[in-house]
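Each chain, written out:
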Amino acid sequence: MELINFRVGQKTISLKILDILLTERFEDNLTSLPNDNKSFIGVKDYMEIPTPIFDLGIILNKKSTQEANQSMLEVFNDWQNKQQAWFSSLESSTIQQTLFEQNTDIQQSSFANWYFSFKTENDDLQAIVERFNAPHERLCQQANEISMLTKSGHNEKAQKQLNTERSGSYKQLMRLFESAKEQLSLDYKPIIIFTTKDGINPHIGLLVDKVEDSINYKKEDVKPLDKLTDIGFEIDSQTKNMMRGLIKLEQKHSVLIDPSVIFRPEHLAQHQAEETEAYGLF
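The residue numbers shown here count from 1 along each chain, following its written sequence. At least 70 in pLDDT is required for a residue's local features to be given in this predicted model, at least 80 for side-chain atom pairs to be given and counted, and no such filter applies to totals for whole chains, interfaces and linings, which use all residues. Water and hydrogen atoms were dropped before computing side-chain values, which therefore reflect all heavy atoms in the structure.

Draft legend 1. Region of the structure containing a nonpolar patch on the surface. Patch membership is restricted to residues that have no salt bridge and whose relative accessible area is over 30%. Joining uses 9 Å for like charges and 5 Å for the nonpolar side chains Val, Leu, Ile, Met, Phe, Trp and Tyr. In short, Shrake-Rupley with a 1.4 Å probe defines the accessible areas, and a residue's cover is counted only from the protein chains shown. Each salt bridge in this description consists of a side-chain nitrogen of Lys or Arg and a carboxyl oxygen of Asp or Glu lying within 4 Å of one another. Together, Met-1, Ile-17 and Leu-18 make up an exposed nonpolar region whose accessible area comes to about 270 Å². Secondary-structure assignment places Leu-18 in the loop between strand 2 (11–16) and strand 3 (20–25). Whether a residue is buried, partly exposed or exposed follows from its accessible area with a 1.4 Å probe, protein chains only, as a fraction of its type maximum: under 20%, in between, or over 50%, in that order. Leu-18 gets classed as exposed once you look at its relative accessible area, which sits at 59%. In this text, helices come from DSSP runs of H or I with a minimum length of four residues, and strands from runs of E with a minimum of two, each type numbered from the N-terminal end.

As structure tokens, this is what we get:
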């Protein structure tokens, strides 16, 4: 059976290709309707049939990817502002020939601790953050030398070295911050998946981050749902209803989802999830 993989936040989900009518780019042009379900984001016509659209990021991750990206963007902005303030302080102390009191020990730097511990499945973003260390470490080293020059009265030499770092390591670090923030935007290309129960009519639409790839699976490729807790999923009963198992990819897992049971009628909501065989795996 052929599956299509999609990215949702830090997770990968899989749908049977027979469950998919169409995928289209999300243009944020849905019709809003009053509803208490936080994951319901509006209605969109499919072949003139109004179809409810749900944000799968909210269902699986408790927040939309757009919201998660905005939170991460704020973190990058905060660290960038702190580094700008740090360098401004170095400039002021050099010009005014005063003691530079900011931290210059890379081992004691909260900024360094942050970027060393930063982890994301966005490989491009991860690579950018890993490049923070070289210019930051050089700035810390040079700040010590500039401070020593200022303290010993070599003001002209200290100013010259400061100018070199401003157009060198400091500028490089600022460019890395801008590249990281740009990558957050580039990685988010949301699409709507129109799903179906009968292969003809739309059931619901699911908002996901982007299409990844297609795979073929066999019986032995699908692992039981109890493996979900091993990869960081917090599963409530409603969410568990739509999950049919784990599929091992090269370096991670994908969660097989049955869209036909998402937001089923309320009188069925208390029923136990179907056995895996009911989803046509075997």
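Draft legend 2. Quick look at the environment of Pro-52. Within the element layout of this structure, Pro-52 appears in strand 5 (residues 49–55). Judged by relative accessible area, Pro-52 falls into the partly exposed class, the value being 24%. Sequence spacing of Pro-52 and Thr-31 is 21 residues, and the spatial spacing of their C-alpha atoms is 9.3 Å. Any two residues having at least one pair of non-hydrogen atoms within 4.5 Å are treated as being in contact. Those residues in contact with Pro-52, other than ones at most four positions away along the chain, are Phe-40, Gly-42, Val-43, His-203, Ile-204 and Gly-205.

Draft legend 3. Spotlight on the side chain of Thr-104. By secondary structure assignment, the location of Thr-104 is in the loop between helix 2 (65–96) and helix 3 (110–117). A polar contact of 2.7 Å, which involves the side chain of Thr-104, links it to the side chain of Asn-144. In contact with Thr-104, other than residues within four places in its own chain, are Trp-86, Cys-140, Ala-143 and Asn-144. Definition of a polar contact: a pair of N or O atoms within 3.5 Å, with one able to donate and the other able to accept a hydrogen when the atoms are protein atoms, and with sequence-neighbouring residues admitted only if both atoms are side-chain atoms.

Draft legend 4. Quick look at the side chain of Asp-55. Tracing the backbone through its elements, the reader meets Asp-55 in strand 5. Two residue types count as positive, namely Lys and Arg, and two as negative, namely Asp and Glu; His and chain ends fall outside the count. It is Lys-11 that comes nearest to the buried, bridge-free Asp-55 among opposite-charge side chains, at 12 Å. Once residues lying within four places of it in the same chain are set aside, the contact partners of Asp-55 are Ser-39, Ile-41, Ser-64 and Leu-207.

Draft legend 5. Inspection of the pairing of strand 10 (residues 243–248) at higher detail. For strand 10, the buried fraction is high: five of the six residues fall into the buried class. For strand 9 (residues 222–223) and strand 10, the ladder comprises two bridges, and the chain directions are antiparallel. Note on strand 10: the bridge partner recorded for Val-222 is Ile-247. In the sheet, strand 10 pairs with strand 11 (residues 253–257) via five bridges, with the strands oriented antiparallel. Within the sheet, the bridge partner assigned to Gly-245 lies in strand 11 and is Leu-256. DSSP-based pairing: two strands are paired if at least 2 bridges between them are found.

Draft legend 6. Quick look at the sheet that holds strand 5. The five strands are arranged 3-6-7-5-4 in an open sheet whose pairing can be described as mixed. Only two strands of the sheet have a single partner each, and these edge strands are strand 3 and strand 4 (40–46). Each adjacent strand pair in this sheet contributes to an overall mean axis angle of 25°, direction not counted. Sheet analysis places strand 6 (residues 191–196) next to strand 7 (residues 202–208), joined by five bridges and oriented antiparallel. When the sheet's bridge partners are listed, Ile-191 is paired in strand 7 with Val-208. Convention adopted: a line fitted to C-alpha atoms gives each axis, helices being fitted over their contacting stretch, and angles between N-to-C directions are expressed from 0 to 180 degrees.

Draft legend 7. Fine view of the packing of helix 2 against helix 6 (residues 155–186). The geometry of helix 2 relative to helix 6 is characterised by a closest axis approach of 10 Å and an angle of 175° between their N-to-C directions. On the basis of their axis angle, the class for helix 2 and helix 6 is roughly antiparallel. Oblique is the label for any angle not under 35 degrees, not over 145, and not in the 65 to 115 range, which are roughly parallel, roughly antiparallel and roughly perpendicular in turn.

Draft legend 8. Focus on the nonpolar core. In this text, buried Ala, Val, Leu, Ile, Met, Phe, Trp, Tyr and Cys residues form a nonpolar core when linked through side-chain atoms within 4.5 Å. Residues Phe-76, Leu-90, Phe-111, Trp-114, Tyr-115, Phe-132 and Phe-177 are the most contacted members of the largest nonpolar core, which totals 30 residues. Looking at this core, the elements that each hand over two or more residues are helix 2, helix 3, helix 4 (123–130), helix 5 (133–151) and helix 6. For this core, the element with the most residues is helix 6, which contributes nine residues. Not counting residues up to four positions away in its chain, the partners in contact with Tyr-115 are Ile-106, Val-129, Phe-132, Asn-133 and His-136. Core analysis: the next-biggest nonpolar cluster, separate from the first, contains 23 residues, Leu-15, Phe-40, Ile-191 and Ile-193 among them.

Draft legend 9. Region of the structure containing the pattern of salt bridges. By the definition in use, this model includes seven salt bridges. A salt bridge links Lys-44 to Glu-24; the nearest nitrogen and oxygen atoms lie 3.5 Å apart. Placement of the pair is Lys-44 in strand 4 and Glu-24 in strand 3, with a sequence separation of 20 residues. A salt bridge links Asp-78 to Lys-82, with the shortest nitrogen-to-oxygen separation between them at 3.4 Å.

Draft legend 10. How the structure looks around the sheet that holds strand 9. Taken in spatial order, the six strands of this open sheet run 8-1-2-11-10-9, and their pairing is mixed. Every other strand in the sheet has two partners, leaving strand 8 (210–216) and strand 9 as the edge strands with one partner each. In terms of strand pairing, strand 2 meets strand 11 through two bridges, oriented parallel. If you follow Ile-13 over to strand 11, its bridge partner there is Val-255.

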